[in-house]
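Topology and contacts: notes
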Amino acid sequence: MHIQRSEEVGVPPGLRTPPRTPPSTPPASPVMPRSATRVRRHSAGDKKIFGIDLYKNVLITNASVRSEGGEKVSGHGASSSGSGAAAKRRNSVFVKRGSVSMEPIKKIDLDDVYTVYKQLGTGRFGFIKLAEHRQSGMKIAIKFFPRPQTKQVDFIREYNYSFFLSPHQNIIDTYEGMYQSSDDSAFFFVQEFCPRASLREAVEATNQTGIGEVKTKQVFTAVMSAIEFMHDENLVHRNLKAENILIFDSNDFSKVKVTDFGLTRKENATVKYLEYTNCYMSPELCETVANEVLTVNKAIDVWALGVIFFYCLKGRFPWQKASIMCKPYWEWEQWLKRKNPTLPKKFNSFSEKGLKLLKKTLTPRVKDRWSAKEVRKCVTKEKLLKPAKAKEENYYIYIDVEPNKKASSDRSGDSNETGDGKQHRKSTVQQWISTTLAAMAEISEQVVSARDDI
Ligand SMILES: Nc1ncnc2c1ncn2[C@@H]1O[C@H](COP(=O)(O)OP(=O)(O)OP(=O)(O)O)[C@@H](O)[C@H]1O
């Protein structure tokens, strides 16, 4: 299936759609991103159009990826088992060979088409370089996937999600075409270049003060539009982080786009967990052991959004890892579970609604997490921080604690800590140590039993 581009409005010369059959000579130019066509922007109606056209293709790709030995996707009934029904389904997939998702990977000599400049970023799976399209002089970003480390199916999947999500105004534009360097060293595809910075760099530039409420609202309006769009289509990004949010203008943050769809999967797909954690990962991800199979859930993205929200406003991360072995996380969890009456100090500057957003995104109970829509409503409509004067006060103390403990917890924000306060703090640390030790013992038991299962 190919989406028609009858009117290629505003396309620079030389950036037209390529012929559907692969040219015998290397393409003279990258081709236009889907968003350069006259595809109307994100609205309820558009989603329907995309839902039929775009995502059928993404599903096809997923199915073809499955049949080539990729991960299993539950919910669509396909498997690589080779049963009669599955074979039939695979056939129907291959009938679609003329579709964009099945187009060939073209081998080109990079230097014939582009002048490649500096590296813009590196990730776990590849690297991005700034380049200039020789024919048009246009600056573009090339995403490289080194071979042989990158499996072809992973490259095709990422290209397809990136390309088909491109029409959304808050998602990076990906130009049509999958390529392979002539020396076989890498696969690559081409994206629009973001000349400014990622959200990570923007926040780091504030020296741990955060980008403030106005810019946070701007960033979240854009990001939530993209994520709501993906979630409505039952796609989960799975790698939301400040590095993957690109800011095109550093002054008012009016153009913000989400990138990196390398881990994007359909909701309910089953994936193997790899031994890797970062500070955006939810506790259910941090708790898994290597090679454990997980079901993809939108709540993974919602947790990461909570971390990004905190990061934007505070200029630092709430914790390194959402595990009770990480004290800052443990303290937050204890407060959420009402086991500790005192809100950790780093959350004091949030307004009642800002704190509610954190409670409803950074909750270990997956079922209690908000939807992307609820996050967007709260961020865009509510006041997120307390007025500057009130920031030092600690309003959020649960009242259902023993009276003698309450006296000390009320004063926990004071620098002149009393004996009671010190005692309380000491017992909190002791409690954390004993919980951590117990959890470590439990986890090592789980690891042993997981190995025994194999
Ligand atoms: N179009 C672009 N323009 C400018 N910079 C970009 C662009 N795309 C990505 N970058 C920068 O390069 C970094 C790495 O890119 P990307 O996240 O796509 O790689 P990755 O290998 O998928 O990384 P990860 O380890 O997160 O999976 C990004 O964090 C971003 O800061």
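Residues numbered from 1 in each chain as written. Predicted model: local features only at pLDDT ≥ 70, side-chain atom pairs only at ≥ 80, totals over all residues. Heavy atoms only, no water.

As annotated in an unreviewed UniProt entry, the chain carries the name Protein kinase domain-containing protein and comes from Diploscapter pachys.

**Side note on the packing of aromatic side chains**
Aromatic ring pairs are described here by two measures, namely the spacing of the ring centres and the angle between the planes. Note the cut-off: Pairing of aromatic side chains requires ring centres within 6.5 Å, counting the rings of Phe and Tyr and the six-membered ring of Trp. Pairs whose planes differ by under 30 degrees are stacked, by over 60 edge-to-face, and all others tilted. Numbered from the N terminus, helices here are DSSP runs of H or I no shorter than four residues, and strands are runs of E no shorter than two. Think of it in three bands: residues with accessible area under 20% of the maximum for their type are buried, residues over 50% are exposed, and the middle band is partly exposed, with areas taken using a 1.4 Å probe on protein chains only. Two limits define a charge over a ring: the Lys NZ or Arg CZ must be within 6 Å of the ring centre, and within 35 degrees of the ring normal.
According to the stated counting rule, one finds 23 aromatic pairs in the structure shown. Relative to Phe155, the ring of Phe145 lies with its centre 5.2 Å away and its plane at 65 degrees, an arrangement referred to as edge-to-face. Of the two residues, Phe145 sits in strand β4 (residues 138-146) while Phe155 sits in helix α4 (residues 152-165), which places them ten residues apart along the sequence. Of the residues examined, Phe145 reaches a relative accessible area of 2% and is grouped as buried. Note on Phe155: relative accessible area 0%, which makes it buried. When the ring of Tyr159 is compared with that of Phe163, the centres are 5.6 Å apart and the planes differ by 15 degrees; the resulting orientation is stacked. Taken together, the residues Tyr159 and Phe163, both in helix α4 and four residues apart, mark about one turn of the helix. The exposure class of Tyr159 is buried, given its relative accessible area of 0%. With relative accessibility at 1%, the residue Phe163 sits in the buried group. A network of ring pairs unites the aromatic residues Phe220, Trp303, Phe309, Phe310, Trp319, Tyr329, Trp332, Trp335, Phe347 and Phe350 as a single cluster. The ring of Phe248 carries the charged tip of Lys257 above its face, separated from the ring centre by 5.7 Å.

**Observations concerning the sheet that holds strand β3 (residues 127-133)**
What counts here: Two strands make a pair as long as DSSP finds a minimum of two bridges between them. Comment: axis = line fitted to C-alpha atoms, over the contacting stretch for helices; angle = value between 0 and 180 degrees taken between N-to-C directions. Contacts are assigned to residue pairs with any non-hydrogen atoms lying within 4.5 Å of each other.
An order of β1-β5-β6-β4-β3-β2 is seen for the six strands of this open sheet, with the pairing classed as mixed. Each edge of the sheet is formed by a strand with only one pairing partner; in this case those strands are β1 (106-108) and β2 (114-122). Shown here is a sheet whose adjacent strand axes are inclined to one another by a mean of 35 degrees, direction ignored. Two elements, β4 and strand β6 (residues 186-192), share seven bridges in a ladder whose sense is antiparallel. By the bridge assignment, Phe144 is partnered in β6 with Phe188. Helix-sheet contacts for α4 involve β4, β5 (179-181) and β6, and the interaxial angle to β6 is about 10 degrees.

**Topic: the domain arrangement of the chain**
The accessible area lost on association of the parts is a frequent measure of interface size. The following threshold applies: For the domain bounds, the source is a domain assignment made automatically or taken from a database. Using a 1.4 Å probe, buried area is obtained as the accessible area two parts lose upon being combined, added over both of them. For salt bridges, the criterion is a side-chain nitrogen of Lys or Arg within 4 Å of an Asp or Glu carboxyl oxygen.
According to the domain assignment, the chain consists of domain 1 (106-192) and domain 2 (200-381). Of note, the centres of domain 1 and domain 2, computed from C-alpha atoms alone, are 27 Å apart. For the domain 1 and domain 2 pair, buried surface summed over both sides reaches about 1700 Å², with 61% attributable to carbon and sulfur atoms. The largest contributions to the domain 1 side of the interface with domain 2 come from Arg124, Tyr161 and Asn170, which together make up 35% of the buried area. Counting across the interface, domain 1 meets domain 2 through three salt bridges. When the shortest N-O distance is used, the salt bridge between Asp260 and Lys143 registers 3.4 Å. For the side of domain 1 that touches domain 2, the elements supplying multiple residues, two or more each, are α4 and β6. Examining the composition of the side of domain 1 that touches domain 2, we find that five residues originate from one element, α4, more than from any other.

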